[in-house]
Amino acid sequence: MENPPIVILTDFGDTDPYVGIMKGVITKISPRANTIDLTQGITPGDLLKGAVVLWQSIPYFPKGTIYLCVIDPGVGSPRKGIVLETDHGFFIGPDNGLFTFLLQKKYNVWELKNQSYQLQPVTHTFHGRDIFAPAAAYLWNGVSPKDFGPSIGEPQKLPIPILRINHESIIEGEILYFDQFGNAITSIGKFHEEKDTLQFQIWIGTEGKRVIHRNSSVIRIKKNIFIPWAKSFSEIPPNHCAAIIGSSGLLEIAANRQSAERLLNLTRGESIFLINKYKNGVQHG
Amino acid sequence: MENPPIVILTDFGDTDPYVGIMKGVITKISPRANTIDLTQGITPGDLLKGAVVLWQSIPYFPKGTIYLCVIDPGVGSPRKGIVLETDHGFFIGPDNGLFTFLLQKKYNVWELKNQSYQLQPVTHTFHGRDIFAPAAAYLWNGVSPKDFGPSIGEPQKLPIPILRINHESIIEGEILYFDQFGNAITSIGKFHEEKDTLQFQIWIGTEGKRVIHRNSSVIRIKKNIFIPWAKSFSEIPPNHCAAIIGSSGLLEIAANRQSAERLLNLTRGESIFLINKYKNGVQHG
Amino acid sequence: MENPPIVILTDFGDTDPYVGIMKGVITKISPRANTIDLTQGITPGDLLKGAVVLWQSIPYFPKGTIYLCVIDPGVGSPRKGIVLETDHGFFIGPDNGLFTFLLQKKYNVWELKNQSYQLQPVTHTFHGRDIFAPAAAYLWNGVSPKDFGPSIGEPQKLPIPILRINHESIIEGEILYFDQFGNAITSIGKFHEEKDTLQFQIWIGTEGKRVIHRNSSVIRIKKNIFIPWAKSFSEIPPNHCAAIIGSSGLLEIAANRQSAERLLNLTRGESIFLINKYKNGVQHG
């Protein structure tokens, strides 16, 4: 089998050498490892966006991939460094909730304590370089996760975003973050298309399934702004917004070559409602 | 022979995981393929800049390179996905004009229809992941372009930028886009230096050649702003602009460590005139 | 031994194809060379930041690494192109001071004059593509540095940033640049932690060592703003700033998930003083 890549996710941006330095550390330990930038442009400290981005990305990488994830506002505090093993691969980073949405199946977690696999001296400000990049590289080289330190029970988790079925006909969610096009990615999902219907299955929290018909449902934001469905960005008329099933199955509020964020003055954390106007053919809403 | 790289050009920016996910898709199908970022920072939806950037970049990559090009405002609409084969290599992306400036020699085009080479289900919002990245990877693996779908005649083309020789002494062009330094890249070209003269040969549209002497010609923008030539950025005095032959042979309006765009309040699409004041030794202008 | 990577540092940003084109040039000459982006996001023309970034990054890459460094506002002027060899590896770029902080040990410098290792014709505007990228690739292929051109004595140097021990109890420095989080990286360093003390050793200019105790020293900026020490970002209270030993051993003025630059209205080049209030147990300041 081919060796898996080391996939890097940070909030370090691209104007400083921090990500480059982590790649230097990796190439010194594992000269043949292949690194892939997932993105280094997460808004600084935005653990929720980082966690959702990880969740939506991992299905597209090979099993066994090593994810080096450094969104680490608590660097230097007593927060732990961990390696998490799931069905998808290995996730290395601070224990601060970044891996919240990866814990739905069986997993194991170890603390990164073994100083033999760290750059010495470990600084208080750049564990990405001193602890996490070396861990990724040694793991790639075949070091067993349990050699990094003791097994721990549960990684930290972020507060779960709002996603609930309020009563039969209303699904309530919230805006999680905006992408660079100004699309609002919401917590309402995960959907997949099946013929003319949308199969909805809650992706976090309690279980729940629904069948949604685009032509008998509508999205509401703020007091009384109702937003129709569209299948693709190009269907949306200029200066209008629509609800789209985004590429990861989450409902997005989007515009066509414009920013939905700006058109509707949307803010992160804002509530969003999917209203099933008709149920069993009878209009309720 | 070495395997060619997969070169990626998008408008996805660097704050979202979209490019990283496409690389995940590629590495799953072609673990040994080498990817190169051409740029992921094209202004969203800017097909003209994308098309010019492709044109100026391909001479510097190996023959046979696979270009994965996703500037795709029409994703989910009936626009086709295609693979274009030219002397330079293979170009994969939406059929929306992105390949306009690559069609001057013999080429072949196929539609990307074969679902065996697509991620299922194909979404309405991210063909870069579902159709184009897999096509690039399978092509790299040796799948023949004709296995992706039927041959089609002509790819879509963008409106050709203005570039004409108005009469013997005036070449008219337009500003195509600005680079990150604020240099205005114009349609007037392509030039190459030969001793003290500039050899001008029209790079798009009808044929036409001229010999330009820097010391007997001048560039005009707006009503009456005349701009002199410079050979390099460092020759331009502070707070002034000059015409430069850019690295791809197109005339650029540039400043020295300042933004020509801001200094002259330039706008995209704005007309620009190269005035050959002297012709055959006789001053005309 | 593994082949070293080619590490790329520029101010070309990520919205233009310039870095991608340089990688194309490299892959044509050295298809098996591995490139690493150190950062392409240096502020355009900021040689000082580029030089400090290089200095802080090279310890983390393998010996023998080839650094392709193109911050080149003087492209097309008579400034030379050079290859510098140090204990750390090979540094290729314009002779404009970018390598100022790499010259503390034995080194050799050659001018890049041999046209056989350049793309022809060499333009006046993009030596990164025409001269420096080919040099990096040919060097990677095993061409000897002396085959590129004549040995020259001394590369150009930038003005050395202020860093002096004013009298026994005050170290004076300046703000060198800001990172993307708004941390101010200063010239005061290099520090390393040893138990409860900070061992200070001047990293540029004349030699000098001191032992600094965090609890008996303080940092002053502007007329009378005194800033305490913190060990990590997370220790700093909201809306406050503190002095931190950054990951490269330089003193940084930092805030906790906020921008120190904005909180204190800091500017580049601004003076900063480390005041050792107590000396030999006696308070002086």
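Since the structure is predicted, the reported quantities are computational estimates derived from the model, not experimental observations.

Peer 1: Can you help me understand the sheet that holds strand β3 (residues 65-70) of chain A in this one?
Peer 2: Within a sheet, neighbouring strands are paired by backbone hydrogen bonds and run either parallel or antiparallel to one another. Residues and elements named next belong to chain A. Strand order in the open sheet made by the 7 strands is β2-β1-β3-β5-β4-β6-β7, with mixed pairing throughout. The open sheet has two edge strands with one neighbour each: β2 (35-39) and β7 (151-152). Across 4 bridges, the pairing between β3 and strand β5 (residues 89-94) is parallel. Counted as the bridge partner of Tyr67 is Phe91 from β5. Where helix α2 (residues 47-57) meets the sheet, it contacts β1 (6-10), β2, β3 and β5, and its direction lies at approximately 125° from that of β2. Along the sheet, helix α3 (residues 127-140) makes contact with β1, β3, β4 (81-85) and β5, crossing β3 at roughly 180°.

Peer 1: Just checking my understanding: could you explain the interface of chain B and chain A for this structure?
Peer 2: With 30 residues of chain B at the contact, the number on the chain A side is 33 residues. In total, about 2600 Å² of surface goes out of reach between chain B and chain A, with carbon and sulfur atoms giving 56% of it. The interface formed by chain B and chain A holds 1 salt bridge in total. When the shortest N-O distance is used, the salt bridge between Asp16 of chain B and Lys49 of chain A registers 3.2 Å. If you look at where chain B meets chain A, you find 14 residue pairs in polar contact (both at pLDDT 80 or more).

Peer 1: When you look at the domain arrangement of chain A in this model, what are you seeing that I'm missing?
Peer 2: Where interface size is quoted, it is often the accessible area lost as the parts come together. Residues and elements named next belong to chain A. Looking at the assigned domains, one finds that chain A contains domain 1 (6-152) and domain 2 (164-283). One C-alpha centre belongs to domain 1, the other to domain 2, and the line joining them spans 32 Å. Between domain 1 and domain 2, the residue contacts involve 10 residues of the former and 10 residues of the latter. Between domain 1 and domain 2, the buried area comes to about 940 Å², and carbon and sulfur atoms account for 62% of it. Viewed at the interface, domain 2 and domain 1 are joined by 1 salt bridge. Between Arg268 and Asp46 there is a salt bridge, and its shortest N-O distance comes to 2.4 Å. Taken together, the connections running from domain 1 to domain 2 amount to 3 residue pairs in polar contact (both at pLDDT 80 or more). Here the side of domain 1 that touches domain 2 is built from residues that sort into 6 nonpolar, 2 polar and 2 charged.

Peer 1: Looking at this structure, how should I read the sheet that holds strand β13 (residues 209-213) of chain A?
Peer 2: Residue and element names in this part refer to chain A. Strand order in the open sheet made by the 3 strands is β11-β12-β13, with antiparallel pairing throughout. In the strand order of this sheet, the two ends are held by β11 (191-194) and β13, each with one partner. For this sheet the average axis-to-axis angle between neighbouring strands, irrespective of direction, equals 25°.

Peer 1: So what exactly am I meant to see when it comes to the relation of the copies chain B and chain A here?
Peer 2: Both copies of the chain are tied together by a single rotation about an axis and a shift running along it. For these two chains of identical sequence, chain B goes onto chain A by a turn of 120° and a shift of 0.0 Å along the axis, with RMSD 0.0 Å. Viewed as a symmetry operation, the transformation between the two copies matches a three-fold axis. Proximity to the rotation axis, assessed at the C-alpha, singles out Asp14 of chain B in chain B; its C-alpha lies 4.9 Å from the axis. Comparing interface residues between copies, only 3% of those in chain B also lie at the interface in chain A; the contact surfaces differ.

Peer 1: Would you take a moment to explain α3 of chain A for this structure?
Peer 2: For an α-helix, 3.6 residues make a turn, and residues three or four places apart therefore share a direction. Residues and elements named next belong to chain A. Compared with the 20 Å implied by 1.5 Å per residue over 14 residues, the 18 Å span of α3 between its first and last C-alpha is a close match. Of all the bends in α3, the greatest reaches close to 30° and is centred on Ala133; the proline Pro134 follows between one and four positions later. Counting buried positions over the 14 residues of α3 gives 13, a clear majority of the element. Immediately beyond the C-terminal end of α3, within one or two residues, lies Gly142, with a positive phi of roughly 110°.

Peer 1: Can you help me understand the interface of chain C and chain A in this one?
Peer 2: Residue-level contacts link 33 residues of chain C with 30 residues of chain A. Note on chain C versus chain A: buried area summed over both sides is about 2600 Å², and carbon and sulfur give 56% of it. Scanning the region where chain C abuts chain A turns up 1 salt bridge. Summed over the shared surface of chain C and chain A, the number is 14 residue pairs in polar contact (both at pLDDT 80 or more).

Peer 1: Can you help me understand the relation of the copies chain C and chain A in this one?
Peer 2: The transformation that overlays chain C on chain A combines an axial shift of 0.0 Å with a rotation of 120°, and the residual RMSD is 0.0 Å. An overlap of only 3% is found between the interface residues of chain C and their copies at the interface of chain A, pointing to separate contact surfaces.

Peer 1: What is the right way to look at helix α1 (residues 18-29) of chain B in this model?
Peer 2: Relative to the 16 Å expected for 12 residues at 1.5 Å per residue, α1 of chain B spans 17 Å between its end C-alpha atoms, a close match to the ideal helical length. Taken together, the buried positions of α1 of chain B are Tyr18, Val19, Gly20, Ile21, Met22, Lys23, Gly24, Val25, Ile26, Thr27 and Ile29 of chain B. On its buried face, α1 of chain B sits against β2 and α2 of chain A together with β1 (6-10), β2 (35-39), β3 (65-70) and α3 (127-140) of chain B.

Peer 1: I keep staring at the environment of Asn3 of chain A and nothing clicks. Help me out?
Peer 2: All names here are of chain A. Structurally, the position occupied by Asn3 is in the segment before β1. Of the residues examined, Asn3 reaches a relative accessible area of 53% and is grouped as exposed. In this structure the C-alpha to C-alpha distance between Asn3 and Leu98, which are 95 residues apart in sequence, comes to 25 Å.

Peer 1: For this particular structure, what's the right way to read unusual backbone geometry?
Peer 2: With the exception of glycine, the majority of residues adopt a negative phi angle, and the majority of peptide bonds are in the trans configuration. Each neighbour pair has its own omega, and for Gln120 of chain A with Pro121 of chain A the value is -5°, a cis peptide bond. Here Pro121 of chain A is to be found in the loop between β6 (108-111) and α3. Residues other than glycine seldom take positive phi values, yet Lys195 of chain B does so here, at roughly 50°. Position of Lys195 of chain B among the secondary structure elements: in the loop between β11 (191-194) and β12 (197-201). By relative accessible area, which is 80% here, Lys195 of chain B ends up exposed. Phi angles above zero are rare outside glycine, and Arg257 of chain B is one such case at about 60°.

Peer 1: Is there a simple way to think about the side chain of Asn276 of chain C in this case?
Peer 2: Residues and elements named next belong to chain C. Here Asn276 is to be found in strand β18 (residues 271-276). A residue is classified by how much of its surface remains accessible, and Asn276, at 7% relative accessible area, is buried. Those residues in contact with Asn276, other than ones at most four positions away along the chain, are Ser169, Val211, Ile212, Ser216 and Ser217.

What counts and what doesn't
Residues numbered from 1 in each chain as written. Chains lettered and ligands numbered in written order. Predicted model: local features only at pLDDT ≥ 70, side-chain atom pairs only at ≥ 80, totals over all residues. Heavy atoms only, no water. Pairing = 2+ DSSP bridges. Helix = DSSP H or I, 4+ residues; strand = E, 2+ residues; numbered from the N terminus. Contact = heavy atoms within 4.5 Å. Axes fitted to C-alpha atoms, helices over the stretch in contact; angles between N-to-C directions. Buried area = accessible area lost by both parts, 1.4 Å probe. Salt bridge = Lys/Arg side-chain N within 4 Å of Asp/Glu carboxyl O. Polar contact = N/O pair within 3.5 Å; in protein donor to acceptor, adjacent residues only side chain to side chain. Domains from an automatic or database assignment. Nonpolar A, V, L, I, M, F, W, Y, C, P; charged D, E, K, R; others polar. Least-squares fit on C-alpha atoms with pLDDT ≥ 70 in both. Expected span 1.5 Å × (residues − 1). Bend = angle between axes of the 7 residues up to and from the residue. Buried < 20%, exposed > 50% of the residue type's maximum accessible area, 1.4 Å probe, protein only.

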